[in-house]
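Reading the structure
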Amino acid sequence: MSNWSKLAPYWFLLFTIGFGWFVLSPLVPILGKFLGVGISAVILLLSIYGYTMVVLGLLAGYISAKFTVKAALYSSAIISVIGLIGRALSPNYLAFIITGTIAAIAYPLAMAPVGSVASSIFKDKSHTVIGISVGMLFLGMAFGAFLGPGIYAAVGLSGTLWTTVVLAIIAAIWIFFGINGYPTFYKGRSLKGSFKPGMIKNWYVGLSISAISVMFGGIASTVLGVHNVAGAIAYGGLMGGLAFLGSALGAIILPPIFEQYKKFRLGLVSTGVLMFLAALLMVLGLAYTSAIAAIALGFFLFGFFGNAYWSMAMTSTTNYVSDPAQAGFATSMYSVFTNLGVAFIPVALSGYFASLSTIAIGVTVVLAIEFVAMLVAPTLLAQRAAERGSSARARGAARRKRRTKR
């Protein structure tokens, strides 16, 4: 079995987690009626996934380091199936939120240790592995958002929830038979030195992009309604789906290209700049126009370049550490602080976009957040310490050789 084929069950697990998460997004009004609760209570069901990463992300990274990646992924697959079955059987809101929380725990267990997966299986292809892994999660989210209404129309709410169970069971079976070859040589390594102060810049990038993505995916319908756009709710769902699709494609396509040509620094800087330009189009278009095509393009491009930058910033955190165990903990820390942004920034800023009298404040703050994220791109680590040392020695040897010739 090639190393690339070893990653297939892991990527499918991430896809099913994303699908099970955001298949609920277009069904929010339907869930509200079925469960007898308001929209905000249903939105909490979506937010739970982010909260579990904040609470359990570091624990997930610790498990993958101390008991190997396989332990984390086996746990993720089992918990996903149990939680989604419980969710499909839930008769009321309390049961739904409890079982939904159980299902959501699969997210940090699968995603947080991605650095260990990349560093232990493909040490020299970490940008590619992490980019595709992140992309598969977002691809599942996009498919869930796009296909949810169609599945509901065909099989109803219960059938939609059981569809996520079937996918989770397939993923669990594949995980249990497909990851036996994952290495365990780093098991029980010390995590001392996993944190470096320079990582805080990476955390800021992850926090700024994910928080703004989630916020604009949630407020698109509201802002279009402020502009009296007919079909604002439908268009808002389209914008969110396009952002997720762009996020998936950006993470899957761009990091591998920059890695193939060994242009890590160029990748970080260029995606940072293009992310900011896309943010300008998305934010200004949504805030001050009703040009649906331009706004939709902005959402897609912000997802495409923003998530590529997000993914490469996550991979950059593994350059601060020396082995796969620490790499998994480094990406766990990144995921935790990213989701802290998701938990607080949309709540703090989204209200400014609900009125034309305050929208300029929201626009200014959002663009300032993304401008700073662009500025830090050149300062993120593009190479491991050992690689930087080898490059420096090679340059020194070349200079000495030139002096000798003269």
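Shown above is the structure to which this text applies.
Remember, predicted model here, so these are calculated numbers, not experimental data. Residue numbers here run from 1 along each chain, matching the order of that chain's written sequence. Given that this is a predicted model, residues contribute local features only at a pLDDT of at least 70 and side-chain atom pairs are listed and counted only at 80 or more, while totals for whole chains, interfaces and linings are drawn from all residues. Computation of side-chain values: all heavy atoms of the structure, hydrogens and water removed.

1. Points about the overall build of the chain
The criterion, for reference: Numbering of helices and strands runs from the N terminus, with a helix taken as a DSSP run of H or I at least four residues long and a strand as a DSSP run of E at least two residues long. Only protein chains enter the accessibility calculation, which uses a 1.4 Å probe; a residue whose area is less than 20% of its type maximum is buried, one above 50% is exposed, and one in between is partly exposed. Contact definition: two residues touch when any of their heavy atoms are within 4.5 Å. Note on areas: these come from Shrake-Rupley sampling with a 1.4 Å probe, and a residue is covered only by the protein chains present in the view.
Within the chain, the regular secondary structure consists of 14 helices and zero strands. What you see in the chain, going N to C, is helices and strands ordered as α-α-α-α-α-α-α-α-α-α-α-α-α-α. Counting only residues that meet the buried cut, the chain has 55% of its 406 residues in that class. By sequence separation, contacts in the chain at least 24 residues apart represent 84% of the contacts at least 6 residues apart. Element-wise, carbon and sulfur atoms account for 71% of the exposed surface of the chain, whose accessible area totals about 16200 Å².

2. Describing the side chain of T128
Residue placement: T128 occurs in helix α7 (residues 126-178). The buried category is assigned to T128, whose relative accessible area is 8%. Non-local contacts of T128, meaning those with residues more than four positions away in its chain, are made with W4, P256 and E259.

3. A closer look at the environment of G61
Among the secondary structure elements, G61 is positioned in helix α3 (residues 39-89). With sequence-adjacent residues up to four places away left out, G61 is seen in contact with A112, G328, F329 and S332.

4. Observations concerning the packing of helix α8 (residues 199-226) against helix α10 (residues 264-288)
Applicable threshold: Fitted lines through C-alpha atoms give the axes, limited to the stretch in contact for helices. The angle between two N-to-C directions lies from 0 to 180 degrees. Just so you know how the angles are binned, under 35 degrees is roughly parallel, over 145 roughly antiparallel, 65 to 115 roughly perpendicular, and the rest oblique. The crossing is said to be left-handed when, going from far helix to near helix, the turn is anticlockwise and less than a right angle, and right-handed when the turn is clockwise. Each residue is assigned to one class: nonpolar for Ala, Val, Leu, Ile, Met, Phe, Trp, Tyr, Cys and Pro, charged for Asp, Glu, Lys and Arg, and polar for all the others, Gly among them.
Two elements in contact, α8 and α10, have axes separated by 10 Å at closest approach and are oriented at 20°. In terms of orientation, α8 and α10 fall into the roughly parallel class. Taken as a pair, α8 and α10 cross one another with a handedness that is left-handed. Judged by residue contacts, I209, I212, F216, A220, V223 and L224 of α8 engage M275, M282, V283, L286 and A287 from α10. Taken together, the residues that form the contact of α8 with α10 break down as eleven nonpolar, no polar and no charged.

5. Brief notes about the packing of α10 against helix α11 (residues 292-317)
It is at 7 Å that the axes of α10 and α11 come closest, and there the two elements cross at 150°. Of the possible angle classes, the one that applies to α10 and α11 is roughly antiparallel. For α10 against α11, the interelement crossing comes out left-handed. When the residues that make up the contact of α10 with α11 are grouped by side-chain class, the tally is 20 nonpolar, six polar and no charged.

6. Quick look at the nonpolar core
Rules: We define a nonpolar core as any set of buried Ala, Val, Leu, Ile, Met, Phe, Trp, Tyr and Cys residues linked to one another through side-chain atoms lying within 4.5 Å.
If you look at the biggest cluster of nonpolar residues, it comprises 129 residues, and the most contacted ones within it are F216, F299, Y309 and F353. The element that contributes the greatest number of residues to this core is α7, accounting for 18 residues. Look past the residues within four positions of F216 in its chain and what remains in contact with it is M282, V283, L286, F299, F353 and V366.

7. Some details on the packing of aromatic side chains
Put simply, the rule reads: When the centres of two rings from Phe, Tyr and Trp lie within 6.5 Å, Trp using its six-membered ring, the rings pair. Their planes under 30 degrees apart give stacked, over 60 give edge-to-face, and anything left gives tilted.
Per the counting criterion, the structure on display carries 17 aromatic pairs. When the centroid spacing of 4.7 Å and the interplanar angle of 10° are considered together, the rings of W21 and Y49 count as stacked. With W21 in helix α1 (residues 3-22) and Y49 in helix α3, the pair connects residues that are 28 residues apart, well separated along the chain. When sorted by exposure, W21 lands in the same class as Y49, which is buried. Summarising the aromatic geometry, the rings of F216 and F353 are spaced 5.3 Å apart at their centres and angled 70° between planes, so their arrangement reads as edge-to-face.

8. Re a nonpolar patch on the surface
Here is the rule: Here a patch means residues that are over 30% exposed by relative accessible area and free of salt bridges, tied together within 9 Å if like-charged and within 5 Å if nonpolar (Val, Leu, Ile, Met, Phe, Trp, Tyr). A pair is scored as a salt bridge if a Lys or Arg side-chain nitrogen falls within 4 Å of a carboxyl oxygen belonging to Asp or Glu.
The grouping of I78, I82, L94, I98, I102, I169, I173, F176 and F177 at the surface amounts to a nonpolar patch, some 850 Å² of accessible area in total. Contributing elements (two or more residues each) for the nonpolar patch: α3, α4 (93-104) and α7. Looking at the nonpolar patch, the element that brings in the most residues is α7, giving four residues. By secondary structure assignment, the location of L94 is in helix α4.

9. Topic: unusual backbone geometry
Here the phi dihedral of N228 falls at roughly 60°; this positive angle occurs in a residue that is not glycine. By secondary structure assignment, the location of N228 is in the loop between α8 and α9 (232-260).

10. As for the side chain of N202
Just so we agree on the cut-off: As used in this structure description, the phrase polar contact means that two N or O atoms lie within 3.5 Å; if the pair is within protein, one of them must be able to donate a hydrogen and the other to accept it, and residues adjacent in sequence are counted only when both atoms belong to side chains.
Structurally, N202 can be placed in helix α8. Side chain to side chain, N202 and S316 meet in a polar contact 3.0 Å long.

11. Concerning the environment of Y74
Tracing the backbone through its elements, the reader meets Y74 in helix α3. C-alpha of Y74 to C-alpha of L109: the two residues are 35 residues apart in sequence and 9.0 Å apart in space. Look past the residues within four positions of Y74 in its chain and what remains in contact with it is I175, F176, I179 and N180.

12. A short note on α11
Stated formally: Take the number of residues in a helix, subtract one, and multiply by 1.5 Å to get its expected span.
Between its first and last C-alpha, α11 extends 37 Å over 26 residues, near the 38 Å set by a 1.5 Å rise per residue. Burial runs high along α11: 21 of the 26 residues are buried.

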